[in-house]
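Read off the chains here:
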Amino acid sequence: MSPRQITVLGECVADAFAEPANASNELALRVLPGGGPANTAVALARLGTPARFLARLSGDVFGRLFRAHLEASGVDLSDAVAAAEPSTLAVAELDATGQAAFSFHAQNTADWQWTADELAGVDLSAAACVHTGSLALVSEPGGAVVEDFLAVAARRTTVSIDPNVRPLLVRPEVYRARLARWCALADILRLSEDDLALLLPGTPPEQACDIWHAAGVRLVVITLGADGALASLDGERVRLPAVATRVVDTVGAGDSFTAGLLHHLGARGLLGGRLTGLGLDEVAQACRFAVRVAALTCSVAGPNPPWQDQLTQLSATGA
């Protein structure tokens, strides 16, 4: 079965990584196109799912980089907005394990300026799922507009949300105040253990799943880094181990996991409504696939998710 289209809405961010410079008083930055929603759209397209990206793309040097990267990966940009504002920049510092800490240059940038008119004409008739989250869902003035769009989308598609909490830009309590509404809108909630620690400090993952189920979301998946993932479908749970890999960095790994999860479910015709035909065994299979996609992303520098043929090669080697 060929997967139906998945529409992703959110930001593109220029991820800048420090590299050795020619002089001690210089800092060289290697800039890669990133941003959680953009990474997910790229990963979906590379895996073979028709992916449309609703973005506000600046005409500046970073915006042109984003557009070239997305189009080269096969992402549909036909509904992207040509934005007058500048692009968002994130400077990443990597620790010894490849974990990234970001500082953001994001005030008044293109990604947060959504208007109702820009989204009013989006045709969702071909979409099986709408995925969003991260800063575009919580940043003003556009966050409320995106929420309203999800409320409309939920009438005809599966809705997936990844909060992707960024406390340097938006206080965690802002996410907490909106999370119950997001759970009421969403069918799938995917988040990391770091997100969990910020949203519900000190809460065990299983208890957090039950809290979010009670708020309305049917499928909760929490990625746990080297410990794999926990998936909870209406309170039935399964844990999946991580895939051993040589980690270059973890940038984009969660976004790739989300794409792997949605791709696997979509390819089996399980997206398009309220997940009524979904069982825990199918969730486990989708998460196993998603873990492999995330592991391959961790094995290369930056947010560079794998192509479908790389997954095929991995399967052929028995990995």
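Residues numbered from 1 in each chain as written. Predicted model: local features only at pLDDT ≥ 70, side-chain atom pairs only at ≥ 80, totals over all residues. Heavy atoms only, no water.

(A) A look at the overall build of the chain. The number of helices and strands found in the chain is eleven helices and 14 strands. The C-alpha atoms of the chain give 18 Å as radius of gyration, which agrees with the globular expectation for 319 residues (20 Å, within 12%). Viewed in the frame of its principal axes, the chain has a C-alpha envelope of about 55 × 50 × 40 Å. Taking all 319 residues of the chain together, the buried fraction comes to 56%. Partitioning the contacts of the chain with sequence separation of at least 6, the portion at a separation of at least 24 is 71%. Roughly 13100 Å² of accessible area belongs to the chain as shown, and the carbon and sulfur atoms make up 52% of that amount. (Helix = DSSP H or I, 4+ residues; strand = E, 2+ residues; numbered from the N terminus. Rg over C-alpha atoms; globule rule 2.2 N^0.38 Å. Buried < 20%, exposed > 50% of the residue type's maximum accessible area, 1.4 Å probe, protein only. Contact = heavy atoms within 4.5 Å. Areas by Shrake-Rupley, 256 points an atom, 1.4 Å probe, with all protein chains shown as cover.)

(B) Region of interest: helix α2 (residues 61-72). In this model, α2 (twelve residues) spans 17 Å end to end at C-alpha, consistent with the 16 Å of a helix rising 1.5 Å per residue. G63, F66, H69 and L70 are the residues of α2 that are buried. Take α2 and look down its axis: the buried residues cluster within an arc of 130°, on one side only. Residues V61, R64 and A72 are exposed on α2 and point more than 90 degrees away from its buried face. Packing partners of the buried residues in α2 comprise β2 (13-19), β3 (28-34), α1 (36-47), β4 (51-54), β5 (56-58) and β7 (88-94). A distance of 3.2 Å separates the backbone nitrogen of F62 from a side-chain oxygen at the start of α2, and that oxygen is part of D60. Two residues or fewer past α2, G74 is found with a positive phi of approximately 90°. (Expected span 1.5 Å × (residues − 1). Arc of directions from axis to C-beta. Polar contact = N/O pair within 3.5 Å; in protein donor to acceptor, adjacent residues only side chain to side chain.)

(C) Representation of the pairing of strand β9 (residues 127-133) in the model. In terms of burial, β9 is largely enclosed, as seven of its seven residues are buried. Sheet topology places strand β1 (residues 5-9) next to β9; four bridges connect them, and they run parallel. Within the sheet, the bridge partner assigned to V8 lies in β9 and is H131. Summarising the sheet, β9 and strand β10 (residues 158-162) pair through five bridges and their orientation is parallel. (Pairing = 2+ DSSP bridges.)

(D) Main features of the environment of V152. Position of V152 relative to the elements: it lies in helix α5 (residues 143-153). As for V152 and A226, which are separated by 74 residues in sequence, their C-alpha atoms are 37 Å apart.

(E) Quick peek at the sheet that holds strand β8 (residues 100-105). If you trace the four strands from one edge of the open sheet to the other, you get β3-β2-β7-β8, paired in mixed fashion. At either end of the open sheet lies a strand with only one pairing partner, and these are β3 and β8. Taken over all neighbouring pairs, the strand axes of this sheet differ in orientation by 30° on average, direction set aside. Relative to β3, β2 runs antiparallel, the two sharing seven bridges. Considered in β3, the bridge of E19 is made with A28. Against the sheet, α2 contacts β2, β3 and β7, and its axis sits at roughly 50° relative to β3. (Axes fitted to C-alpha atoms, helices over the stretch in contact; angles between N-to-C directions.)

(F) Inspection of empty space enclosed by the protein at higher detail. Under the counting rule described, the total for this entry stands at one cavity of 30 Å³ or more. Together, G36, P37, T40, H131, T132, G133, S134, D162, N164 and D255 line the largest cavity. Contributions of two or more residues to the lining of the largest cavity are made by α1 and β9. Tallied by class, residues from the lining of the largest cavity come to one nonpolar, seven polar and two charged. (1 Å grid on protein atoms, 1.4 Å probe; cavity = no way out; pocket = protein on both sides within 12 Å on 5 of 7 lines; lining within 4 Å. Points joined across faces, edges and corners; volume = space filled by probe spheres on them. Nonpolar A, V, L, I, M, F, W, Y, C, P; charged D, E, K, R; others polar.)

(G) Structural view of the packing of aromatic side chains. Across all of its chains, the model carries one aromatic pair by this definition. Ring plane angle 85° and centroid distance 6.3 Å describe the contact between Y175 and W182, whose orientation is recorded as edge-to-face. Each member of the pair, Y175 as well as W182, is classed as buried. (Phe/Tyr/Trp six-rings, centres within 6.5 Å; stacked < 30°, edge-to-face > 60°.)

(H) Spotlight on the layout of surface pockets. If you add up the space inside the largest pocket, you get close to 1200 Å³. As for the largest pocket, its lining consists of 48 residues, and the residues nearest its centre are Q99, S192, T250, A253 and G254. Breaking the lining of the largest pocket down by element, the ones donating at least two residues are β2, α1, β8, α4 (134-138), β11 (188-192), α7 (193-199), α9 (253-267) and α10 (280-298). Of the residues belonging to the lining of the largest pocket, the class tally is 24 nonpolar, 15 polar and nine charged.

(I) Structural view of the side chain of R56. Note on placement: R56 falls in strand β5. The buried category is assigned to R56, whose relative accessible area is 7%. At a separation of 3.0 Å, a polar atom in the side chain of R56 contacts the side chain of E85. At 2.7 Å, the side chain of R56 and the backbone oxygen of A110 are in polar contact. Aside from chain neighbours lying at most four places away, what touches R56 is V81, A83, E85, A110, D111, Q113, W114 and E118.

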